[in-house]
Amino acid sequence: MAGKIHKLTARGVKAANKAGRLGDGGNLYLNVANGGTKSWVFVYRRRDTKKLVELGLGSAKTVTLAEARSKAAALRKQLSEGIDPKAERTRSTRRTIPTFARFASEFIEDQKTGWRNEKHRHQWSQTIETYCAPIADLPVNTVTQADVLSILKPIWQTKAETASRLRGRIEKILDAAKARGLRDGENPARWKGHLQLLLPQRQKLQRGHHAAMPYQDVPTFFNRLANLNSVSAKALQFIILTTVRSGCVLRSKRDGIVHGMRWEEVDFDNALWEVPAQRMKSGKDFRVPLSPSSIAILEYLQGLDVDFVFPGQREGTPLSEMACELVMRRLAVKPATVHGFRTSFRCWVAECTDSPDWVAEMSLAHVVGNAVERAYQRSDVLERRRNLIEDWANYVTSADT
């Protein structure tokens, strides 16, 4: 540690632009990268192995020359006392900085109240636990670009959508760590202008559209369902007639609570079903007009269960979505899906009616128009939707014998 120290000047640090390393003395160096980025480095030799060790002291943008010298002086003091600065920093970090896994778990716990359902929270936890094991035990402030790439590269092409979601989730977790003062510098999981330049272009994401039955085949299929007296067959008929998502009718679990269509939601006098916000994808209450055919199904099921319209096999529980899928399999209509009947309805509206597209979209509980248009369109056009749904019901039941 002998030799002159404080060789550099603040002006010289600012003017330095040639790639390389400038010594200030006393183990302190200014590192200038090829792109002009400058950072402070403390270099020393370990007593036991004589190996050179480098410790970063921060960017020259945020750490002044005087601050860098102060940090270097503290590290020289540790060396004089027989303390290895890097080992001490690691011990200190482990005491005060949470691991990536721990911080991710805390982040998910903090965010879950803002997420619509338990499934979303489970997906977050599952992807982090499954794919982030290599960085789970790293202090959250030490996760690097190389760490993130080691996780993403193996699945970047083979599991494109999962990889994309995983990258975004890692980025959010590391952003939150920075916001809490646990990290500094660039987010190593950032996409635009960063990982975008380091990962190969992926194959176009395949959005899994649900296979749909041609609308021309729906009446015959509906008639086949009518010959089955099971609760699952009646549920499937009801879903087809009302064009709702199956999660509005059948069992779902959100925030630890089991949901399903309840009798208290049905207004027989006004032929109306009010779906509560927690079962809607939009997160808003939704009124569904009920055709005479839908009412007939509900009347058939009255008395089976006190709470749930479509009860499951276990007492006090609603019917599961798998029950309707099994009906589809039994009738050998795969690859058509339960959700696909919404597409069947939409195609029928377009090809067989004069109804405006926006009425069909509102019947499907889709968002219609831009923000300004939605601000002025406060009505849910219930009666126009009722007319369309009744026409659909008449069409669907036209093959009844």
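Residues numbered from 1 in each chain as written. Predicted model: local features only at pLDDT ≥ 70, side-chain atom pairs only at ≥ 80, totals over all residues. Heavy atoms only, no water.

1. Some thoughts on the packing of aromatic side chains
Throughout the structure, instances matching the rule amount to 13 aromatic pairs. Ring geometry for Trp 263 versus Phe 268: centroids 6.4 Å apart, planes at 25 degrees, classification stacked. Members of the aromatic cluster, connected to one another through ring pairs, are Tyr 215, Phe 345, Trp 348, Trp 392 and Tyr 395. Above the face of the Tyr 300 ring, Lys 234 is positioned so that its terminal group lies 4.8 Å from the ring centre. (Phe/Tyr/Trp six-rings, centres within 6.5 Å; stacked < 30°, edge-to-face > 60°. Lys NZ or Arg CZ within 6 Å of the ring centre and 35° of its normal.)

2. Notes on the pattern of salt bridges
One pass over the structure, following the stated rule, counts 13 salt bridges. Arg 180 is the partner of Asp 110 in a salt bridge, and the nearest nitrogen-oxygen pair spans 2.9 Å. Of this pair, Asp 110 sits in helix α4 (residues 100–111) while Arg 180 sits in the loop between α7 (160–179) and α8 (218–226), and the two are 70 residues apart along the sequence. Its relative accessible area of 45% is what places Asp 110 among the partly exposed residues. Under the relative-accessibility criterion, Arg 180 is labelled partly exposed at 44%. (Salt bridge = Lys/Arg side-chain N within 4 Å of Asp/Glu carboxyl O. Helix = DSSP H or I, 4+ residues; strand = E, 2+ residues; numbered from the N terminus. Buried < 20%, exposed > 50% of the residue type's maximum accessible area, 1.4 Å probe, protein only.)

3. Here we look at the pairing of strand β2 (residues 28–32)
The alternating pattern of β2 places Leu 28, Leu 30 and Val 32 on a buried face, while none of Tyr 29 and Asn 31, on the opposite face, is buried. Relative to β2, strand β1 (residues 20–25) runs antiparallel, the two being bridged by five bridges. Across the sheet, residue Gly 20 finds its bridge partner in β2, namely Val 32. In textbook terms, the turn of a hairpin is the stretch between consecutive antiparallel strands, and for β1 and β2 this stretch comprises two residues, one of which, Gly 26, has a positive phi near 65 degrees. Between the antiparallel neighbours β2 and strand β3 (residues 38–45) lie five residues, among them Gly 36 with a positive phi of about 95 degrees. (Pairing = 2+ DSSP bridges.)

By themselves, these are just geometric observations and shouldn't be taken as functional.
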